[in-house]
Amino acid sequence: MEPQPRPVAGAWPPVVVMGVSGSGKSTVGVALARRLRVPFVDADTLHPPANIAKMSAGEPLDDDDRHPWLQKVGEWLARHRDGGVASCSALKRRYRDQLRAHCPGVEFLHLRGTPELIGGRLATRTGHFMPAALLRSQFETLEPLGAGEAGATVDASDGVDAIIDTFLALTRGGGDGGS
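Each chain has its residues counted from 1, following the order in which its sequence is written. Whole-chain, interface and lining totals are the exception, using all residues; otherwise, since this is a predicted model, local features are given only for residues with pLDDT of at least 70 and side-chain atom pairs are given and counted only at 80 or more. The side-chain numbers reported here are obtained from all heavy atoms of the structure, hydrogens and water having been left aside.

Asker: Would you take a moment to explain the nonpolar core for this structure?
Answerer: The tendency in soluble globular proteins is for nonpolar side chains to be buried side by side. With 23 residues, the main nonpolar core has Val16, Val73, Leu77, Cys88, Leu99 and Phe108 as its most contacted residues. For this core, the secondary structure elements donating two or more residues are strand E1 (15-18), helix H3 (63-79) and helix H4 (93-102). Considering each element in turn, this core owes the most residues, five residues, to H3. Residue contacts are defined here by distance: any two heavy atoms, one from each residue, within 4.5 Å place the two residues in contact. Sequence-distant contacts of Val16, defined by excluding residues within four places in its chain, comprise Leu77, Ala86, Cys88, Ala90, Leu99, Val106, Glu107, Phe108 and Leu109. Here, nonpolar core refers to any group of buried Ala, Val, Leu, Ile, Met, Phe, Trp, Tyr and Cys residues whose side-chain atoms link them within 4.5 Å. Buried, partly exposed and exposed residues are distinguished by accessible area as a fraction of the type maximum, computed with a 1.4 Å probe on protein chains only: under 20%, between the cut-offs, and over 50%, respectively. In terms of nonpolar packing, the next biggest core, distinct from the first, is built from 18 residues, Trp12, Val28, Val85 and Leu111 among them. Strands here mean DSSP runs of E at least two residues long; helices mean DSSP runs of H or I at least four residues long; both are numbered from the N terminus.

Below, the structure is given as structure tokens:
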């Protein structure tokens, strides 16, 4: 039995589905937005062309590259305070802090997976600018949700519906940080 979507607009804060490339952020984000009946944005579509070119060339982004991109993501979240879902890597706490500065009530769904699981997914993915060669740098950059960060960590190897069910159960129950 599928849980019911939220009954009232604004009853759910914006959510960022976060994790390394290939963790399932976009797939889970689209499904979560449908479940909650709110807008969705894939933050990859908000990258400036220079960032896409850099990643396509196999170069990891640095904090200076990410700052204007995170500004755009944060602005989108602020426009969707009454509900919205964004897929965004948000690998470091300071990146999540930047998003929270725009939208203090945002919650995070961290899709956690092993390098083997995610590497296998990236090996079969086509048509994306992020090469599998950058996966290691993403894992090295990743800072899991910490104390005081609203949201939950869910196993990326679970099915999409199970991930969403777990996230909603943990956050509705007052989950805080990694679970």
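Asker: Could you clarify how one ought to interpret unusual backbone geometry in this entry?
Answerer: Glycine aside, residues mostly have negative phi, and peptide bonds are mostly found in the trans state. Unlike most non-glycine residues, Arg37 shows phi in positive territory, near 60 degrees. You can see Arg37 is positioned in the loop between helix H1 (25-36) and strand E2 (40-42). The phi dihedral of Ala90 falls on the positive side, at around 40 degrees, and the residue is not glycine. Along the chain, Ala90 falls in the loop between strand E3 (85-87) and H4. The exposure class of Ala90 is buried, given its relative accessible area of 1%.

Everything listed here is a matter of coordinates, which is why it stays silent on function.
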